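Structural description and commentary
Spelled out, the chains give:
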Amino acid sequence: MRVLLLEDDMSIAIVITAALEDEGFGVVHCQTIAERDRQLAGGSFAAMVTDVMLPDGDGIETIDRVRALHPDMPIVILSAQNTLDTAVRATDTGAFEYFPKPFDIDELARTVRQAAGATQARLDGDEPVADGLPLVGRSAAMQSVFRMITRVLRNDLTVLILGESGTGKELVAEAIHQLGNRRSGPFIAVNTAAIPAELIESELFGHEKGAFTGAVARHVGKFEQAAGGTLFLDEIGDMPMQAQTRLLRALQSGTVRRVGGREEIRLDTRIVAATNKDLEPEIAAGRFREDLYYRLNVVPIHMPPLRDRRDDIDVLARHFLQHAANEGLPRRQLTAEAAELLSRQPWRGNVRELKNFIYRMALLAREDLIDVELILPLLSQEPPAPAAAGAMGESNGHAVSHANGADIASAVAQWLTATRPASGTIYDSAMAAFERPLFAEVLRETAGNQLRAAQALGINRNTLRKRLGELSLDPEEFTRRP
C-alpha cells in the first residue's frame, strides 16, 4: 500500500517516511500542493498525511480538491499552528486524525495504519466560526483538550469537564456550544453551587404558579430556556442529593416536569457538566449518586492545571495583555525575561489567577515594556495559597528531592550574610548562585535526560537547553555513573 506524504520540512518528512516504511507502506513524498495534485491525478493511495502551511497554499483549504479525486481516502493532518481553530478546521474536513506538532512518531505511524484499513463516513456541514474563542494553548496537554472538543462537535453526547478551579472549564463548554451543531441555539450556564438548595429544582426545572409560597407566576426553568441549545451545569459535584435525583430522572427520561406541574416537557437540550471535585470519593462518601455520574460521564474532558502546561503561560500572558488593552487598560508588552519569570511561578489558582495578575500588572506597571524588575514587587503581593496536588517531582514521577523549608530559609540567610550582594542585585545574584546547583542536581537525578529534567523543573525543554549552555552544564556528564 502507498501513502502520500505532503510535508515541506525535509527533516520531518525523512522521519515520517522512515516510520511509515517500517509499517510496510510505500511513501510518495511531495512538498507542494501542486505536486500533490499531480500525484493524486495519477494514481490512488491508501492514505494521505498532509501538513497545513505549505509553500503554495493552505493544506486544509485545498482538501476539497483531494476529495473530488479520492472521496474515500483517509487523510491525516499535521500542523504547527496548534490552535483550537486549526483543530476544528481539520475535523470539519472529515480528516481521519489531526496531529499538532510536535507529535509522537510512533502514534502517527499507528494511526496511518488504522486509517489505511478503515472506512469512515465523512461529515459535511458549514464551517463554524472560531474567531474570538478564548481557549488559548499550544502545549501538548491543551492539544489533547482541543482534539477531544473536536470529537464531540457533531453529536449531542453528554460531556463532563473535569479540572481544578480556574482552569477554564466553562470556556471549554462555550467552545463545544459555539462550534457544534447547536450553536444557533442558546447557551445557558448554571452554577449549581451558587443556588440555594431549596431553589435549585425550581431554577433547573421551573415551577407553576402557586407551587409554593412566593410562586406568584409560572417560571420557566433552565432546561426549557436551553431548548435547541446547550445547558452547562457547572460545579455539578456540589449539587444537593435531592436535585441529583431529579436531574437523573430528567436525563433518563428526556423530559422534565415543573415543580407543582403535571405536564411532561420533552427536552431538546445538550448537557455539558463540569466539576472541580474528584467524584469517585464523593460517590464513596454518599454525597454524589453513582448512577448520575455514569449518566454524565459519557465523554470526559480533563482540563490540565497550569502547572502541567507551562509552555502556555507566555502565550496566555500576552493574550491577556491584549485583552486588557482592548478593555481600556494601558497597552503593555513583556520582555522575554519577564515572560520566563512568569512561567516559573506556581499559579495555584491556574489560568484565572494568571489573568487577574496580568490585568493588575497592566494597570499598575509604570512602564509600557514590563521587565522582571516591574513584576517582582507585584509577585511579592500575591497571597499565599496551599500547595496543589501533583507538585513538581510528584506529578512527573521523578526522584527529585524536596528540601525542608526551614533548611532552605537557613541557607538563604547564610548566603546573604556571607555574600552581601549590593542593593538592587540580590535577586540576580541569588539566581546565579542557586540555579546552577539546582539544575545540576536535577540532571543528576534524571541521569542527564533533558526531557525528564525539563518536566521535573516545570520549564520548556528549549529553555532548559538555553540555560544549561549559559550555566556551562553538560548533560552528558550526568549520564556517566561512577
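Above this note sits the structure.
The structure reproduced in this document is the subject of the present report.

Definitions and limits used
Residues numbered from 1 in each chain as written. Predicted model: local features only at pLDDT ≥ 70, side-chain atom pairs only at ≥ 80, totals over all residues. Heavy atoms only, no water. Helix = DSSP H or I, 4+ residues; strand = E, 2+ residues; numbered from the N terminus. Buried < 20%, exposed > 50% of the residue type's maximum accessible area, 1.4 Å probe, protein only. Contact = heavy atoms within 4.5 Å. Areas by Shrake-Rupley, 256 points an atom, 1.4 Å probe, with all protein chains shown as cover. Pairing = 2+ DSSP bridges. Core = buried A, V, L, I, M, F, W, Y, C linked by side-chain atoms within 4.5 Å. Axes fitted to C-alpha atoms, helices over the stretch in contact; angles between N-to-C directions. Parallel < 35°, antiparallel > 145°, perpendicular 65-115°, else oblique. Left-handed = near helix turned anticlockwise from the far one by under 90°. Arc of directions from axis to C-beta. Salt bridge = Lys/Arg side-chain N within 4 Å of Asp/Glu carboxyl O.

**Considerations on the overall build of the protein chain**
Of regular secondary structure, the protein chain possesses 20 helices and 16 strands. Buried positions account for 46% of the 482 residues belonging to the protein chain. Looking at the protein chain alone, contacts between residues at least 24 apart form 71% of all its contacts between residues at least 6 apart. Summed over all atoms, the accessible surface of the protein chain reaches about 23,900 Å², with 50% contributed by carbon and sulfur.

**Quick notes on the pairing of strand β9 (residues 187–191)**
Here β9 shows a clear split, with Ile188 and Val190 buried on one side and none of Phe187, Ala189 and Asn191 buried on the other. The pairing of β9 with strand β10 (residues 230–234) spans five bridges and is classified as parallel. Residue Phe187 lies in a different strand from β10, and its bridge partner there is Thr230.

**Here we look at the environment of Arg287**
Within the secondary structure, Arg287 is located in the loop between α11 (279–284) and α12 (290–296). Taking the C-alpha atoms as reference, Arg287 lies 8.2 Å from Pro240; in sequence the two are 47 residues apart.

**Some details on the nonpolar core**
Counting 42 residues, the largest nonpolar core has Ile77, Leu84, Leu135, Ile149, Val159, Ile161 and Val172 as its most contacted members. Considering every element that reaches this core, the biggest residue donor is helix α7 (residues 169–179), with five residues. With 30 residues, the next largest nonpolar core counts Ala250, Ala273, Phe288 and Leu292 among its residues.

**Description of the packing of helix α1 (residues 10–22) against helix α5 (residues 105–116)**
Direction vectors running N to C along α1 and α5 enclose 55°, while the axes themselves pass 9 Å from each other. Classified by the angle between their axes, α1 and α5 sit oblique to one another. For the crossing formed where α1 meets α5, the hand is right-handed. Here Val15, Ile16, Ala19 and Leu20 of α1 lie close against α5, whose contacting residues are Ile105, Leu108, Ala109 and Val112.

**Here we look at the side chain of Arg147**
Inspection of the secondary structure assignment puts Arg147 in helix α6 (residues 140–151). By relative accessible area, which is 15% here, Arg147 ends up buried. Every residue in contact with Arg147, bar those within four places of it in the chain, is listed here: Glu97, Tyr98, Phe99, Pro100 and Glu107.

**Section: helix α19 (residues 450–457)**
Listing the buried residues of α19 in full gives Ala453, Ala454, Ala456 and Leu457. Buried residues of α19, viewed axially, fall in a sector of 160°; they line one side.

**Remarks on the pattern of salt bridges**
Oppositely charged side chains are able to pair whenever their charged atoms sit close together. Scanning all chains against the criterion turns up 25 salt bridges. Across the pair Asp37 and Arg65 runs a salt bridge, and its minimum N-O distance is 2.8 Å. Here Arg65 lies in helix α3 (residues 63–69) and Asp37 lies in helix α2 (residues 33–42), a separation of 28 residues in the sequence. The buried category is assigned to Asp37, whose relative accessible area is 18%. The partly exposed category is assigned to Arg65, whose relative accessible area is 40%. As a salt-bridge pair, Arg246 and Glu201 come within 2.7 Å of each other at their nearest N and O atoms. In this pair, Arg246 sits in helix α10 (residues 241–253) while Glu201 sits in helix α8 (residues 200–205), placing the two residues 45 residues apart along the sequence. Residue class for Arg246 comes out partly exposed when judged on its relative accessible area of 23%.

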